[in-house]
Amino acid sequence: MMGVSVGERPIQAASLLPVVARAQQVEEGPYHVDGERTQIVFSVSCLGMSWYRGFLSGVSGELWLDPAHPEKSHVSLKAPVSSIKTTTSEVSSMLMEKSWFAAETYPVAEFVSTQVSSSGPSLATISGNLTMHGVTHPVTLHAHFVGAGENPIDHSYDVGFEAQGTIQRSAFGMTSALPAVGDDVILTVSGVFEKER
């Protein structure tokens, strides 16, 4: 097998692959968000010519996972609005202002699931309520299983999912710069959860 070399020690390509479990092998039980590896990315149309993206970090939350009975699973996520970052500091600061996220008044965005259902192998539909800018609306996320296994650094048991959904920011009272900045916002949640020990 071909490998790459670091110094004098060859590394086989297979050793670079992550430890991944199949969906049916994922461990049931309580998990908490790994805030260092979880991100929420948002994408919005800018002037009808491009997609402008930013992300939130510092996410916290809980997951109860039942792979055999997905309908028994549930998840909650909280993200500090002040963590929003974009490609320019000016835009990031502007989004904190009253005409946008009003971060001082509404410092946290929160999602709480109300229903989880399997939508195919390693796929799930997650319905829940998103609270942002002082407004709560139902949101549907389409999630897929990424992988699971023992973290080789701290030996925790981790599981990863990615989920995507679309919201209208105007529904949450954020109407600044419409329609130059689009109303539809695509949310992508890259979530890593660590099993409680």
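Conventions adopted
- Residues numbered from 1 in each chain as written.
- Predicted model: local features only at pLDDT ≥ 70, side-chain atom pairs only at ≥ 80, totals over all residues.
- Heavy atoms only, no water.
- Helix = DSSP H or I, 4+ residues; strand = E, 2+ residues; numbered from the N terminus.
- Buried < 20%, exposed > 50% of the residue type's maximum accessible area, 1.4 Å probe, protein only.
- Contact = heavy atoms within 4.5 Å.
- Areas by Shrake-Rupley, 256 points an atom, 1.4 Å probe, with all protein chains shown as cover.
- Pairing = 2+ DSSP bridges.
- Salt bridge = Lys/Arg side-chain N within 4 Å of Asp/Glu carboxyl O.
- Phe/Tyr/Trp six-rings, centres within 6.5 Å; stacked < 30°, edge-to-face > 60°.

Peer 1: Run through the overall build of the protein chain, naming residues and quoting values.
Peer 2: Helix and strand content of the protein chain: one helix and 12 strands. Reading the secondary structure of the protein chain in the N-to-C direction produces β-β-β-β-β-β-β-α-β-β-β-β-β. In the protein chain, buried positions account for 38% of the 197 residues. Long-range contacts, defined as pairs at least 24 residues apart, comprise 54% of the intrachain contacts of the protein chain with a sequence gap of at least 6. When the accessible area of the protein chain is evaluated, it comes to approximately 11,400 Å², of which 58% is carbon and sulfur surface.

Peer 1: Give a detailed account of the side chain of D158, specifying residues and quantitative values.
Peer 2: Among the structural elements, D158 can be located in strand β11 (residues 157-168). What makes D158 buried here is its relative accessible area of 7%.

Peer 1: Let's hear about unusual backbone geometry: which residues, and what values?
Peer 2: The step from L178 to P179 runs through a cis peptide bond, and the omega angle for that step is 0°. Position of P179 among the secondary structure elements: in the loop between β11 and β12 (181-195). Of note in the backbone geometry, H155 takes a positive phi value of approximately 65° without being a glycine. Topologically, H155 is positioned in the loop between β10 (135-150) and β11. Even without being a glycine, A177 presents a positive backbone phi close to 65°. Along the chain, A177 turns up in the loop between β11 and β12. According to the relative accessible area criterion, A177 is partly exposed, its value standing at 36%.

Peer 1: I'd like a rundown of the pairing of strand β5 (residues 50-56), residues and numbers included.
Peer 2: When strand β4 (residues 39-46) meets β5, the two strands line up antiparallel, connected through seven bridges. Pairing of V41 across the sheet is with F55, part of β5. Taking the residues that link successive antiparallel strands as the turn, the β4-β5 hairpin has three residues, and the phi of L47 there is positive, at about 60°.

Peer 1: If you had to explain the pairing of strand β8 (residues 108-120) to someone new, which residues and values would you point to?
Peer 2: In this sheet, β8 lies alongside strand β7 (residues 74-80) in antiparallel orientation, the contact comprising five bridges. Paired with K78 across the strands is E110, a residue of β8. In this structure, β8 lies alongside strand β9 (residues 123-132), joined through nine bridges in antiparallel fashion. Note on β9: the bridge partner recorded for G120 is L123. Here β8 folds back onto β9, and the loop between the two strands holds two residues, one of which, S122, carries a positive phi near 65°.

Peer 1: So what about the pattern of salt bridges? Which residues, and what values?
Peer 2: Inspection of the entire model under this criterion finds three salt bridges. Residue R37 pairs with D34 through a salt bridge whose shortest N-O separation is 2.9 Å. Classification of D34 as buried rests on a relative accessible area of 14%. In this structure, the salt-bridge partner of D158 is R37, at a minimum N-O distance of 2.5 Å. Separated by 121 residues along the polypeptide, D158 in strand β11 and R37 in the loop between β3 (29-33) and β4 bring together distant segments of the chain. Through salt bridges that share partners, D34, R37 and D158 make up one connected network.

Peer 1: Can you lay out the environment of L47 for me, pointing to particular residues and giving the numbers?
Peer 2: Looking at the secondary structure, you find L47 in the loop between β4 and β5. A residue is classified by how much of its surface remains accessible, and L47, at 55% relative accessible area, is exposed. For L47 and A180, which are 133 residues apart along the polypeptide, the C-alpha to C-alpha distance reads 4.7 Å.

Peer 1: Describe the packing of aromatic side chains, and please don't skip the residues or the numbers.
Peer 2: In the structure shown here, the tally under the stated rule is two aromatic pairs. Judged by centre distance (6.5 Å) and plane angle (50°), the ring pair of Y31 and Y157 falls under tilted. Of this pair, Y31 sits in strand β3 while Y157 sits in strand β11, placing them 126 residues apart in sequence. The class for Y31 is buried, based on a relative accessible area of 0%. A centroid spacing of 5.8 Å and a plane angle of 65° characterise the contact between F145 and F161, whose relative ring orientation is edge-to-face.

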